[in-house]
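Below, each chain spelled out in residue letters.
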Amino acid sequence: MFSEHEKKHHIHLETVYFISGIDKNDTEIHEMTDQIVRFAMQQSSWGQRRPMQWVPLQMQIGNMIMENINIITKEDLQKVNMLNNDLALNERQLNDFLLVQHSLGKLMYYDLPWLDNFIIIHPPALVNILRSFVTDEKFFPTKPNLRLILQTLSDTGRIYKTDLLKLWQQEHFHQYMPDQITREFVVQLLVHLDILIIPKAGKETSLSTDVYLVPCMIKAIRPLNFNSLDKQEGRTICLRYTLARHSIPTALAYKIIGAAVNAWPLKEENQKLCLYYQAAVFNVNEENELRIWLEGNQVIVYMTNQNLLLSVSPDIATSVQECLTKNLESSILFHYNSFGRKIKPQNVSHLYDIELGIPCGRNVCFKSSHEVMNIDSWVCRQGMEHGTRYLRYWIFDKKQTKCGHECKGLTDTELHTEPSDKHLVRLGSQIGMDSFREFYIYLGMEQKDLENIFSTYAGHSSEGKMSMALQQWKISQLDNLKDPTLKNLSVALEKAKIDSHLICQIFRENTELFDKADFKLQAIPSDIHLKELSNHIRNCPLQLGVELGLSFIEVEQSLFSFTKDLSGLVEDILKKWRKKSKVKTTIMLMMALQRVNAGGVRYLYDISKLLYAN
């Protein structure tokens, strides 16, 4: 059975034991027990010298376990320790004792804020606690309300904190968690271990963590078309991690998916989250979708833009890759260290390879990340030539705020793309008013057109006026049965002696906030918070609305409804965004505010911290 298995070298005994699980006097189980003891005595940790001062405390912990005490506070353990008089450990020695005992599996202690207040002195207790919700249907409780909780968890992968606490109110769990503070510690520990995942952008407007995802309980199989590339060529770039090990342990797979859920909101289809067994679909932002799944020893990632690859921001793609890589490395490090294989963080990158890929028919052609950075194109086995430009988006220098000398600008094919409303707003914000007048004339418009627009939107900022002027240019092109293109804009910039690389910049994103976001910023802002936020926003409703994904028409409707009420105008735009958007998280709103220099970012950040603290 194991002749070809990669873990064959772990097999140290060829004896096969046949054990009866219903016979407590089975002789072979005693023989196996003796063999395990002999193996234990051969381990490197057997016989290692330990401080004599540890012995009294070890005996006291053993006595507590015999009295069915499983989890204690560090403060209580310190009190027990002080009873040993001259053999009592000081604070540093006690910490060293706990860390060593944790590494040997004799207890569980995490030297992290808040978690370090408790010690699980009997590790099997955590296993029994997990059995309360990580269990098979045949072990569900008999009470209908508790069975319903676990059935819902099995079907959806979600469990509410209140329901989790109901499961723990069963009598046989009292010995493990006798009070509320201990139960709260267990919840935080399970979150730390990625067994409970705090989902992003749930429908709840509160920032409290009252619902969790449990990846290991997900049974739904991903749809047959999950990794299909039909109609996605020209809109998708791919990423593949291949681990040095030939198989990924199930627990590691759960941790990788769990970490991804911690980073991006799950996509919803037919009012169901797209979370499956070792697979998930996420909304990175309004325009980009992310599919992640595991096959064998590979983690495969597709990022698809709703329009075309040109609209993929290199900053967003790089942020996704950096986040995934960090999550993968932390998961690998956690797994290796959990099984006693000490590995330095700087060496984790040697345990996997990264390849970048592009769709080719029904398959994906991959190339190593190092090769992609050194070539412009390659010919695949199918004889197709693939460019590497968009693949390099996965590995992009986000600190580079302007195009370098190597940037050749957009290709002629790309320049024939119609600019979106967001592109026009971003371009308008980069051109000074004096230069804009000349630029606008080179677009084929007349001076009177510009004056009329500036008069109509007299109360708005310069950026807002220029944005509406560019929108009017686009409309005039369409009305005259012409195609407004990025090339029109690029040529006009050159004639006006303005840097034509401004066209490149309209695809850039500032991901500084995106990279720092945690679950406190993933909730959906409430009506109250949107109303209060509107009082913090500067005079930029045009740019803000379009940056949030609204069309010029939708923004104009609000403009004419709130002609002299800036606060009401902004509030109306924000509510439209929340109703329309697929990704209506606080962090996405903050990024839009930052992009148009609208203000209000600090307000949202502070309110998120305040609500979470409460």
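Rules used throughout
Residues numbered from 1 in each chain as written. Predicted model: local features only at pLDDT ≥ 70, side-chain atom pairs only at ≥ 80, totals over all residues. Heavy atoms only, no water. Helix = DSSP H or I, 4+ residues; strand = E, 2+ residues; numbered from the N terminus. Buried < 20%, exposed > 50% of the residue type's maximum accessible area, 1.4 Å probe, protein only. Contact = heavy atoms within 4.5 Å. Areas by Shrake-Rupley, 256 points an atom, 1.4 Å probe, with all protein chains shown as cover. Phe/Tyr/Trp six-rings, centres within 6.5 Å; stacked < 30°, edge-to-face > 60°. Lys NZ or Arg CZ within 6 Å of the ring centre and 35° of its normal. Patch = residues over 30% accessible without salt bridge, like charges linked within 9 Å, V, L, I, M, F, W, Y side chains within 5 Å. Salt bridge = Lys/Arg side-chain N within 4 Å of Asp/Glu carboxyl O. Pairing = 2+ DSSP bridges. Axes fitted to C-alpha atoms, helices over the stretch in contact; angles between N-to-C directions. Parallel < 35°, antiparallel > 145°, perpendicular 65-115°, else oblique. Left-handed = near helix turned anticlockwise from the far one by under 90°. Nonpolar A, V, L, I, M, F, W, Y, C, P; charged D, E, K, R; others polar. 1 Å grid on protein atoms, 1.4 Å probe; cavity = no way out; pocket = protein on both sides within 12 Å on 5 of 7 lines; lining within 4 Å. Points joined across faces, edges and corners; volume = space filled by probe spheres on them. pLDDT = per-residue confidence, 0-100.

A. Structural detail: the overall build of the protein chain. Secondary structure assignment for the protein chain yields 25 helices and 15 strands. Projected onto its principal axes, the C-alpha coordinates of the protein chain cover approximately 100 × 60 × 50 Å. When each of the 614 residues of the protein chain is scored for burial, the buried share is 48%. In the protein chain, once contacts between residues fewer than 6 apart in sequence are set aside, the share between residues at least 24 apart is 66%. Of the roughly 32,500 Å² of accessible surface on the protein chain, 52% is carried by carbon and sulfur atoms.

B. Examining the packing of aromatic side chains more closely. As enumerated under the stated definition, the model contains 11 aromatic pairs in all. Residues Trp-54 and Phe-97 carry aromatic rings whose centres are separated by 5.2 Å and whose planes lie at 80 degrees to one another, so their mutual orientation is edge-to-face. Taken together, the residues span a long stretch of sequence, with Trp-54 in helix 2 (residues 54–66) and Phe-97 in helix 4 (residues 91–103) at a distance of 43 residues. The class of Trp-54 is buried, set by a relative accessible area of 7%. Members of the aromatic cluster, joined through ring pairs, are Phe-226, Tyr-276, Trp-293 and Tyr-302. When the ring centre of Phe-366 is taken as reference, the NZ or CZ atom of Arg-240 above it lies at 4.0 Å. Its guanidinium or amino end placed over the ring of Phe-454, Lys-465 lies 5.9 Å from that ring's centre, counting from NZ or CZ.

C. Inspection of a nonpolar patch on the surface at higher detail. A surface patch of nonpolar side chains, about 320 Å² in accessible area, is lined by Val-37, Met-41 and Trp-46. Residue position: Val-37 is located in helix 1 (residues 27–41). Take Val-37: its relative accessible area is 41%, and that puts it in the partly exposed class.

D. Spotlight on the side chain of Asn-288. Relative to the helices and strands, Asn-288 is located in strand 10 (residues 288–295). Look at Asn-288 and you get buried, because its relative accessible area is 3%. Discounting residues that sit within four places of it in the chain, Asn-288 has contacts with Phe-282, Asn-283, Met-303, Thr-304, Asn-305, Val-312 and Ile-316.

E. Structural context of the pattern of salt bridges. Within this structure, the stated rule accounts for 27 salt bridges. The salt bridge partner of Lys-474 is Glu-418, with a shortest N-O separation of 3.4 Å. One end of the pair, Lys-474, is in helix 16 (residues 462–479); the other, Glu-418, is in the loop between helix 12 (412–415) and helix 13 (421–428), with 56 residues separating them in the sequence. The class for Lys-474 is buried, based on a relative accessible area of 8%. Here Glu-418 falls in the partly exposed class, since its relative accessible area comes to 42%. Among the ionic pairs, Glu-547 bridges to Arg-426, the shortest N-O distance being 2.5 Å. Taken together, the residues Glu-547 in helix 21 (residues 541–547) and Arg-426 in helix 13 connect sequence positions 121 residues apart. Residue classification places Glu-547 among the buried positions, given a relative accessible area of 8%. Connected via shared salt-bridge partners are Arg-426, Glu-509, Glu-547 and Arg-595.

F. Spatial organisation of the pairing of strand 13 (residues 363–368). Where strand 12 (residues 352–360) meets strand 13, 6 bridges bridge the pair, whose relative direction is antiparallel. Pairing of Pro-359 across the sheet is with Val-364, part of strand 13.

G. Spatial organisation of the packing of helix 15 (residues 447–456) against helix 16. Look at helix 15 against helix 16: their axes get within 9 Å of each other, and the N-to-C directions meet at 130 degrees. The angle between helix 15 and helix 16 places the two elements in the oblique class. Handedness of the crossing formed by helix 15 with helix 16: right-handed. Of the residues in helix 16, those in contact with Leu-450, Ile-453 and Phe-454 of helix 15 are Lys-465, Met-466, Met-468, Ala-469 and Gln-472. Class assignment for the residues of the contact of helix 15 with helix 16 results in 6 nonpolar, 1 polar and 1 charged.

H. How the structure looks around the side chain of Ser-534. Structurally, Ser-534 is set in helix 20 (residues 527–534). Overall, Ser-534 belongs to the buried group, its relative accessible area being 2%.

I. Region of interest: the packing of helix 22 (residues 552–561) against helix 23 (residues 566–580). Running from N to C, helix 22 and helix 23 cross one another at 145 degrees; their axes reach a closest spacing of 9 Å. The hand of the helix 22/helix 23 crossing is right-handed. Contacts between helix 22 and helix 23 pair Glu-554, Val-555, Gln-557, Ser-558 and Leu-559 from the former with Leu-569, Asp-572, Ile-573, Lys-576 and Lys-580 from the latter.

J. Seen up close, empty space enclosed by the protein. The tally for this structure, following the rule as stated, stands at 5 cavities of 30 Å³ or more. Size it by volume and the largest cavity reaches roughly 270 Å³. Taken together, 19 residues line the largest cavity, and the ones lying closest to its centre are Asn-285, Lys-422, Glu-547, Met-588 and Ala-592. For the lining of the largest cavity, the elements supplying multiple residues, two or more each, are helix 13 and helix 24 (586–595). In terms of residue count, the dominant contributor to the lining of the largest cavity is helix 24 (5 residues). Grouping the amino acids of the lining of the largest cavity by side-chain chemistry returns 7 nonpolar, 5 polar and 7 charged.

K. Just the confidence of the model for the protein chain, in detail. Chain-level pLDDT for the protein chain is 88 on average; 96% of the residues reach the 70-or-more range. For the protein chain, the element scoring lowest by mean pLDDT is helix 25 (residues 601–613), at 77; strand 2 (residues 118–120) scores highest, at 96. Predicted confidence for residues 201–208 stays below pLDDT 50, and this span has 21 contacts to residues more than four positions away or in other chains.

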